[in-house]
Amino acid sequence: MATPAFALGFAKAAAFAAAMPLGRARAVPRVARVAIAVVLAPIFAQHMAHFDSDLGDLASLARAALLNALQGASVGLCATIIAAAAAAAGELFDAAVASQTIPVRDVFGESGPIAGLSATLFGWFLMGAGGFDRLVTACINVTDGTPHVRTVALLGSAFLQIALSAGAPALATQAFATVAAALVARLAPRINSLFLGAPVASLLALCALVIGSAAFVTAIAGIAWRAATAPTALAR
């Protein structure tokens, strides 16, 4: 197995495993990503046997390994951009329930409970509904090139649209609570609207989450599937 094809396959598999979304980042041990890379390396190597004749020196092998690592990372990152919408939507609900602004931190890291649940559901759907297999197939089919700037821009736009649509109820509850508190403060100046708006927003956000729980779970499943299909544009 100590062949140039296996070395290239491991380079692509390692970069792919390091960049691909697996739910909450700190909930997945690093050894699990290493195991994924080791398991996928022989599979990727089978599709790179034709490179053996073109790699006559160490410099050529190093360039090919770097290119394959970039290709593997590009597939994983394309999926991660879309996958982040799941945790971002959960963060919108966390912010609405807590009546606070969204903190600046990794959406797949130490986030709130709803964002953590969203990321966990995403990982479950990705691994259980064939999304991971589709990502592996996309990574195998990428034989040249890396993501174009336009591709990254489209993925970023898709991330914003998906996150905002999934977290729209949380935004709506915060907006309604803010407007209601402002009206109360206008009609009854002696009432402190700041203390009135926060509990109203929290209650409405929880009610919206409970009532629309089935739709929210369905949205997370849709995000997992879109994340699995996002890198297919690189293989064209």
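Up top is the structure these notes are about.
All of the points below concern the structure found in this document. (Residues numbered from 1 in each chain as written. Predicted model: local features only at pLDDT ≥ 70, side-chain atom pairs only at ≥ 80, totals over all residues. Heavy atoms only, no water.)

## Comments concerning the overall build of the protein
Formally: A run of DSSP states H or I qualifies as a helix once it reaches four residues; a run of E qualifies as a strand once it reaches two. Both are numbered from the N-terminal end. Burial status follows relative accessibility: with a 1.4 Å probe on protein chains alone, a residue under 20% of its type maximum counts as buried, one over 50% as exposed, and anything between as partly exposed. We call two residues in contact when some of their heavy atoms are within 4.5 Å.
Of regular secondary structure, the protein possesses nine helices and zero strands. Reading the helices (α) and strands (β) of the protein from amino to carboxyl end gives α-α-α-α-α-α-α-α-α. Residues counted as buried form 40% of the 236 residues belonging to the protein. Partitioning the intrachain contacts of the protein with sequence separation of at least 6 by distance along the chain shows that 84% fall at a separation of at least 24.

## Here's the deal with the packing of aromatic side chains
Operational definition: Aromatic pairs are defined between Phe, Tyr and Trp rings, using the six-membered ring for Trp, whenever the two ring centres lie within 6.5 Å; interplanar angles under 30 degrees are classed as stacked, those over 60 as edge-to-face, and all others as tilted.
According to the stated counting rule, one finds four aromatic pairs in the structure shown. With centroids separated by 6.4 Å and ring planes inclined at 70°, the aromatic side chains of Phe 16 and Phe 44 adopt a geometry described as edge-to-face. Highlighted residues: Phe 16 in helix H1 (residues 4-19) and Phe 44 in helix H2 (residues 30-46), separated in sequence by 28 residues. Side by side, Phe 16 and Phe 44 carry an identical accessibility label, which is buried.

## Description of helix H4 (residues 113-128)
How we decide: Working rule for helices: expected span equals 1.5 Å times residues minus one.
The terminal C-alpha atoms of H4 lie 22 Å apart, and with 16 residues this matches the ideal 22 Å at 1.5 Å per residue to within 8%. Among all positions in H4, only Ile 114, Ala 115, Gly 116, Ser 118, Ala 119, Phe 122, Gly 123, Phe 125 and Leu 126 are buried. With its phi angle positive at about 85°, Gly 130 sits one or two positions after the end of H4.

## So, a nonpolar patch on the surface
The cut-off we apply is this: Grouping into patches uses exposed residues only, defined as over 30% relative accessible area, and leaves out salt-bridged ones; the cut-off is 9 Å for like charges and 5 Å for nonpolar side chains (Val, Leu, Ile, Met, Phe, Trp, Tyr). Accessibility throughout is a Shrake-Rupley quantity obtained with a 1.4 Å probe, and a residue counts as covered only by protein chains that appear here. The rule for a salt bridge is simple: a side-chain nitrogen of Lys or Arg has to be within 4 Å of a carboxyl oxygen of Asp or Glu.
A cluster of nonpolar side chains, Phe 10, Val 34 and Val 38, forms an exposed patch at the surface whose accessible area comes to about 250 Å². Along the chain, Val 34 falls in helix H2. Judged by its relative accessible area of 49%, Val 34 falls in the partly exposed class.

## A short note on the environment of Ala 87
Relative to the elements of secondary structure, Ala 87 occurs in helix H3 (residues 58-98). What makes Ala 87 buried here is its relative accessible area of 0%. In the structure, Ala 87 is positioned 33 residues away from Thr 120 in sequence and 8.9 Å away in space, judged by C-alpha atoms.

## A look at the nonpolar core
Rules: Here, nonpolar core means buried Ala, Val, Leu, Ile, Met, Phe, Trp, Tyr and Cys residues that are tied together by side-chain atoms lying within 4.5 Å of each other.
Phe 16, Leu 40, Phe 44, Ile 82, Phe 122 and Ile 223 are the most contacted members of the largest nonpolar core, which totals 51 residues. Only H1, H2, H3, H4, helix H5 (131-141), helix H6 (149-166), helix H8 (193-211) and helix H9 (213-229) provide two or more residues apiece to this core. In terms of residue count, H3 provides more of this core than any other element does, 13 residues in total.

## Some remarks on H1
Taking 1.5 Å of rise per residue, the 16 residues of H1 would be expected to cover 22 Å, and the 23 Å separating its terminal C-alpha atoms lies within 8% of that figure. All buried positions along H1 are accounted for by Ala 5, Leu 8, Gly 9, Ala 11, Lys 12, Ala 13, Ala 15, Phe 16, Ala 17 and Ala 19. Where the residues of H1 are buried, they touch H2, H3 and H5.

## Things to note about the environment of Ala 201
Here Ala 201 is to be found in helix H8. Taking the C-alpha atoms as reference points, Ala 201 and Thr 173, 28 residues apart in sequence, are found 5.7 Å from one another.

## Quick notes on the packing of H1 against H2
What counts here: Structural elements are reduced to axes, namely lines fitted to C-alpha atoms, with helices fitted over the stretch in contact, and the angle between N-to-C directions of any two is expressed from 0 to 180 degrees. Geometric relationships in this document are graded by angle, where less than 35 degrees denotes roughly parallel, more than 145 denotes roughly antiparallel, 65 to 115 denotes roughly perpendicular, and other angles denote oblique. Whether a crossing is left-handed or right-handed is set by the direction in which the near helix is turned from the far one by less than a right angle, anticlockwise for left-handed and clockwise for right-handed. Under the convention adopted here, Pro, Cys and the residues Ala, Val, Leu, Ile, Met, Phe, Trp and Tyr are nonpolar, Asp, Glu, Lys and Arg are charged, and Gly plus all remaining residues are polar.
It is at 7 Å that the axes of H1 and H2 come closest, and there the two elements cross at 140°. When the axes of H1 and H2 are compared, the pair comes out oblique. For the crossing formed where H1 meets H2, the hand is right-handed. Contact residues: H1 offers Ala 5, Phe 6, Gly 9, Phe 10, Lys 12, Ala 13, Ala 14, Phe 16, Ala 17 and Ala 18, while H2 offers Arg 33, Ile 36, Ala 37, Val 38, Leu 40, Ala 41, Pro 42, Phe 44 and Ala 45. Counted by class, the contact of H1 with H2 contains 16 nonpolar, one polar and two charged residues.

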